[in-house]
Structures are given as C-alpha cells and as structure tokens.
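One-letter residues, chain by chain:
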Amino acid sequence: VIVYCRRKDHCSDLFELFKMCLGKKGLLDKDRSEYDPSNRYYAMYRSKTPEEVKQIVGKSMQDPNGVVRIVFSTIAFGMGVDVQDVQHTVHLGPSTDTADYLQECGRAGRDSKRSYAVLVKYPYCTSGTPVNASMREYISIKSCQRIHLLKDFDKEPVCPSPKHLCCDNCQM
C-alpha cells in the first residue's frame, strides 16, 4: 500500500501513529531495533528521508517477500521506484491535478492484478496546496469518475463492464 500525503507533516504524523498504535506488532523481529527500517512493516518516504532508508524501502517494496508493506509518502516515492506488487494507493487529500493523480494511482496494478485507489477528503484539503479545476471537479463528481479522469487523455473513455468494477459512482 502506498499512502500519498500532500503535506510532509501528514507523512510524519501517520508514521508516528502507526508506530504508537502497532508498537512491537509493527516489527518483523520483536527483538531487533524499532529504528531499523528493514525491520518495520511500514515506512516513511519523503525528499528528506536519508538515502540509505530510501534504498531499503525501495528494495523491500520491490521484493514480493519484502518486509515493508505500507509506505507513507509524498510524491517522492514515485520517482525512479518501480514496484510491481502494489494493489492499493491511498491519497490523503487530492493531487495537484488529474494527471498527477492518475500517475500516482498507476503505481498500483502494474502486475495486472485488480487494484484500488482511495481518495480521502478532509476539511480544507484543497486549501494551502494548489489543486486545479479538473481535480476539484473530480473530488465532488457524481457521475463516472473514470470517464472524468480519462477524458483529457482518451478520445472516448468508457466504463468497463460490469459497471461495478469501474468506480464508486458506477457501483451504485
């Protein structure tokens, strides 16, 4: 799972929340240090993350038997890291635009397995960071989300069949 955070402090807060709530359950080996990034099931990946930790997290996420299964990240994780076994992306707040959102969601499902993208909205999630008009519209759209996301890239995007595999709005 990749959890994309719009703000660096959200990455830190979620990381610390997991650390506090999971305690030793979040560690592969309870007798090894909790500060060893190769011993945690979750990680934080931002521009300020030490290069050594980035390497450990990237390799672990690329390995089907790797330890790290959840990464709290800014967009830094997408740059140069090709992970095949991701089935879920979660966005804490919207991306800057629909192209960025599609690229980030595209980190999941690269192994051709069904994947899921979740966008978590919260009060004022579009303030403080630039969010373009198309992304603002996507956040509140009541019609097919897939068609809205793909309309700028495909000539005539269509919903897949059966419709319940398309998006939240088509499931209804």
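For the structure itself, look to the data block above.
Residues numbered from 1 in each chain as written. Predicted model: local features only at pLDDT ≥ 70, side-chain atom pairs only at ≥ 80, totals over all residues. Heavy atoms only, no water.

## Digging into the pairing of strand β4 (residues 88-92)
Alright, step 1. The sheet contact formed by strand β1 (residues 2-5) and β4 spans 4 bridges and is parallel. For Cys5, the partnering residue across the bridge sits in β4 and is Leu92.
Alright, step 2. With 5 bridges joining them, β4 and strand β5 (residues 116-120) adopt parallel strand pairing. Across the sheet, His91 pairs through a bridge with Leu119, a residue of β5.
Alright, step 3. Chirality of the crossover, the property in question, places the unit of β4, helix α3 (residues 98-105) and β5 among those that are right-handed. (Pairing = 2+ DSSP bridges. Helix = DSSP H or I, 4+ residues; strand = E, 2+ residues; numbered from the N terminus. Right-handed = clockwise from strand over helix to strand, strands pointing away.)

## Looking at the side chain of Ser95
Alright, step 1. By secondary structure assignment, the location of Ser95 is in the loop between β4 and α3.
Alright, step 2. For Ser95, a relative accessible area of 0% puts it in the buried group.
Alright, step 3. A distance of 2.7 Å separates a polar atom in the side chain of Ser95 from a polar atom in the side chain of Glu104.
Alright, step 4. Once residues within four sequence positions are removed from consideration, Ser95 is found in contact with Arg6, Asp100, Tyr101, Glu104, Val131 and Met135. (Buried < 20%, exposed > 50% of the residue type's maximum accessible area, 1.4 Å probe, protein only. Polar contact = N/O pair within 3.5 Å; in protein donor to acceptor, adjacent residues only side chain to side chain. Contact = heavy atoms within 4.5 Å.)

## Concerning the pattern of salt bridges
Proximity of charged atoms lets side chains of opposite charge pair with each other.
Alright, step 1. One pass over the full model with this rule turns up 4 salt bridges.
Alright, step 2. Arg7 serves as the salt-bridge partner of Asp9, at 2.7 Å between the closest nitrogen and oxygen.
Alright, step 3. For Arg7, a relative accessible area of 40% puts it in the partly exposed group.
Alright, step 4. Across the pair Asp36 and Arg32 runs a salt bridge, and its minimum N-O distance is 2.5 Å.
Alright, step 5. A residue is classified by how much of its surface remains accessible, and Asp36, at 23% relative accessible area, is partly exposed. (Salt bridge = Lys/Arg side-chain N within 4 Å of Asp/Glu carboxyl O.)

## Examining helix α4 (residues 133-140)
Residues three or four positions apart in an α-helix share a direction because the helix packs 3.6 residues into each turn.
Alright, step 1. Among all positions in α4, only Ser134, Met135, Tyr138 and Ile139 are buried. One face of α4 carries all of its buried residues, which in axial projection span an arc of 145°.
Alright, step 2. Close packing links the buried residues of α4 with α3, β5 and α5 (145-150). (Arc of directions from axis to C-beta.)

## As for unusual backbone geometry
Alright, step 1. Positive phi, close to 70°, is recorded for Ser112, a residue that is not glycine.
Alright, step 2. Take Ser112: its relative accessible area is 72%, and that puts it in the exposed class.
Alright, step 3. Backbone geometry at Tyr124 places phi at a positive 65°, although glycine is not the residue there.
Alright, step 4. Within the secondary structure, Tyr124 is located in the loop between β5 and α4.
Alright, step 5. For Tyr124, a relative accessible area of 69% translates into the label exposed.

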